[in-house]
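Spelled out, the chains give:
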Amino acid sequence: MLFGLLLTIALIIAIGLLSGRKAKDAATFTTGGGKASGWVVCGTIMGTIVSGQSTVGTAQLAFHFGISAWWFTIGAALGCLALALIYTKPLRSSGCVTLMEVISREYGRKTEIVGSVLCLIGIFISIIAQIIASSALLTSLIPMSYLVAAFVAIALMMVYVVFGGLWGAGWGGIVKMGLLYVSSIVAGLFVWKSAQGWDGLTASIASLQGRGLPVEADNYSNFLARGPLKDIGSCLSLILGVLATQTYAQGIWAGRSNGAARRGSLLCAFLIPPIGAACTLVGMYMRSHYITSAELLQLQAVGASVPEGMGVIETSVQAFPAFITNHLPGFFGGMVLGTLFITIVGGGSGLVLGAATIIGRDVLGQLREWARRRRPDASSPVTLKMLRLIIVAILLTGVAVSLLVQSTFINDLGFLSLGLRATAVLVPLSGALFLPGRIKPRYALASLIAGTLTLLAAQMLHLPADPVYWGMGVGMVVSLLGWQKRQ
């Protein structure tokens, strides 16, 4: 198993390093020079969006809630569909390199800076989720502390993207996508056969009800197990968040033509849902065969016995890694583990690339412009070096923060992250692309601040409905208050 794991990781790293030869300046590093085919666009987007949240996080959520865990990848696919059909042409016609640059041209520098900071917070939360997921995988395979596993994960993220930039993320995403599809299909077929279909799987979960475990069997077959507003709201967070994320826009800008960019995003919309379905089945299968260490302690505390034939995993975040190590054959299991690990690493790398681009061009670029009255030369070696140093700083900070939130549901972090990006970016971005001259700049700035603060308040106060409804609603209302005749 270890040989298969190392072989797969080495393959992806080699692709990142070789493709990195094309990243000679900041332009090719961040957008591939606008020469990517539809498949490279697909690899760039899918290599980031199908990450720890779509795999390990989906299996973790399915372990607790069943089929409703599929909403994450359904939402991601619908977001890619909207990106292809609605946003590709206007984004590419803008001539910009970042989403906040689009906003800045319409609403000014203040809106760009504030939006950049708020968007970065959302992306950073998702980076933390990737660090947690990759560390959980490593600790389930090799005896090591969480901190050591986290540093190993970010070291590989650095190699994956620091040297390759968008080309490393794109070509690595293509190879990873193929490996992940094979892995997901095999895992899903194994579960389907072992559990004797859907009825057998749900029946084995139902047999655990009333035995001292937090299992409500009916929920596992319910697409809205966490409530309609929660699950549909989570899906909406994904759709809107995809449209408001720098990394996915970079994939669109990287396309050599509008058609190539659109095809790449449409491929993602078609290819993502089956992976989520397979990961959901794995999570449910693990629920029917394993309990967590915390559940074991609860059973022992009340003198209850462990259901016959049940194994024990440390936490539910290890559901997918434990499935691979305990139920798939050696060499192939190692390849699946390697694919899963590099999936998480690649997803984190793509997000870090987007965050570094925002910091380098939007935040630091504007600060330097204010100081020198001009933007730095985007093609200078200094700027490329700066982007790489920013990536390292982001990942090190991510490890520190992940130590504080490592027990959180990975997909809950993902939903919050995408919701934050949507409220901070999507309303002013859509106004700039589709309604130029219609919204007063100060109202655009107020909308992204008010929307983000409302989303965070709804999250902390546990208001009814998903926080994204509140945040987007307030942002849209504030923007409409600033409606004016076209200038």
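One can find the structure itself at the top, above this paragraph.
Let us look at the structure shown here. Everything numeric here is computed off the predicted structure, so don't read it as measured data.

**A word on a nonpolar patch on the surface**
Together, Leu 78, Leu 81, Leu 85, Ile 86, Leu 266, Phe 434, Leu 435, Leu 480 and Trp 483 make up a nonpolar patch on the protein surface, roughly 810 Å² of accessible area in all. By residue number, the principal contributor to the nonpolar patch is helix α5 (residues 71–93), which donates four residues. In this fold, Trp 483 is placed in the segment after α20 (467–481). Note on Trp 483: relative accessible area 42%, which makes it partly exposed.

**Here's the deal with the packing of helix α19 (residues 441–461) against α20**
Remark: α19 packs on α20, axes separated minimally by 7 Å, with the N-to-C direction vectors making an angle of 160 degrees. Between α19 and α20, the angle falls in the class roughly antiparallel. For α19 against α20, the interelement crossing comes out right-handed. In this structure, α19 contributes Tyr 443, Ala 446, Ser 447, Ala 450, Gly 451, Thr 454, Leu 455, Ala 458 and Gln 459 to the contact, and α20 contributes Pro 467, Val 468, Trp 470, Gly 471, Val 474, Gly 475, Val 478, Ser 479 and Leu 481.

**Considering the side chain of Thr 280**
By secondary structure assignment, the location of Thr 280 is in helix α13 (residues 258–289). With residues near it in sequence (within four places) discarded, Thr 280 still touches Thr 58, Ala 62, Gly 66, Ile 67, Ala 69 and Trp 70.

**Side note on the environment of Asn 219**
Relative to the helices and strands, Asn 219 resides in the loop between α10 (197–206) and α11 (228–243). Look at Asn 219 and you get partly exposed, because its relative accessible area is 22%. C-alpha separation for the pair Asn 219 and Phe 65, spaced 154 residues apart in sequence, amounts to 6.2 Å. Sequence-distant contacts of Asn 219, defined by excluding residues within four places in its chain, comprise Phe 65 and Ala 225.

**Overview of the pattern of salt bridges**
This structure, assessed with the given rule, holds three salt bridges. When the shortest N-O distance is used, the salt bridge between Glu 101 and Arg 105 registers 3.5 Å. Placement of both Glu 101 and Arg 105 in helix α6 (residues 99–107) is noted, with a separation of four residues, approximately one turn of the helix. A residue is classified by how much of its surface remains accessible, and Glu 101, at 11% relative accessible area, is buried. In this structure, Arg 287 engages Glu 295 in a salt bridge whose closest nitrogen and oxygen atoms are separated by 2.9 Å.

The rules behind these values
- Residues numbered from 1 in each chain as written.
- Predicted model: local features only at pLDDT ≥ 70, side-chain atom pairs only at ≥ 80, totals over all residues.
- Heavy atoms only, no water.
- Patch = residues over 30% accessible without salt bridge, like charges linked within 9 Å, V, L, I, M, F, W, Y side chains within 5 Å.
- Areas by Shrake-Rupley, 256 points an atom, 1.4 Å probe, with all protein chains shown as cover.
- Salt bridge = Lys/Arg side-chain N within 4 Å of Asp/Glu carboxyl O.
- Helix = DSSP H or I, 4+ residues; strand = E, 2+ residues; numbered from the N terminus.
- Buried < 20%, exposed > 50% of the residue type's maximum accessible area, 1.4 Å probe, protein only.
- Axes fitted to C-alpha atoms, helices over the stretch in contact; angles between N-to-C directions.
- Parallel < 35°, antiparallel > 145°, perpendicular 65-115°, else oblique.
- Left-handed = near helix turned anticlockwise from the far one by under 90°.
- Contact = heavy atoms within 4.5 Å.

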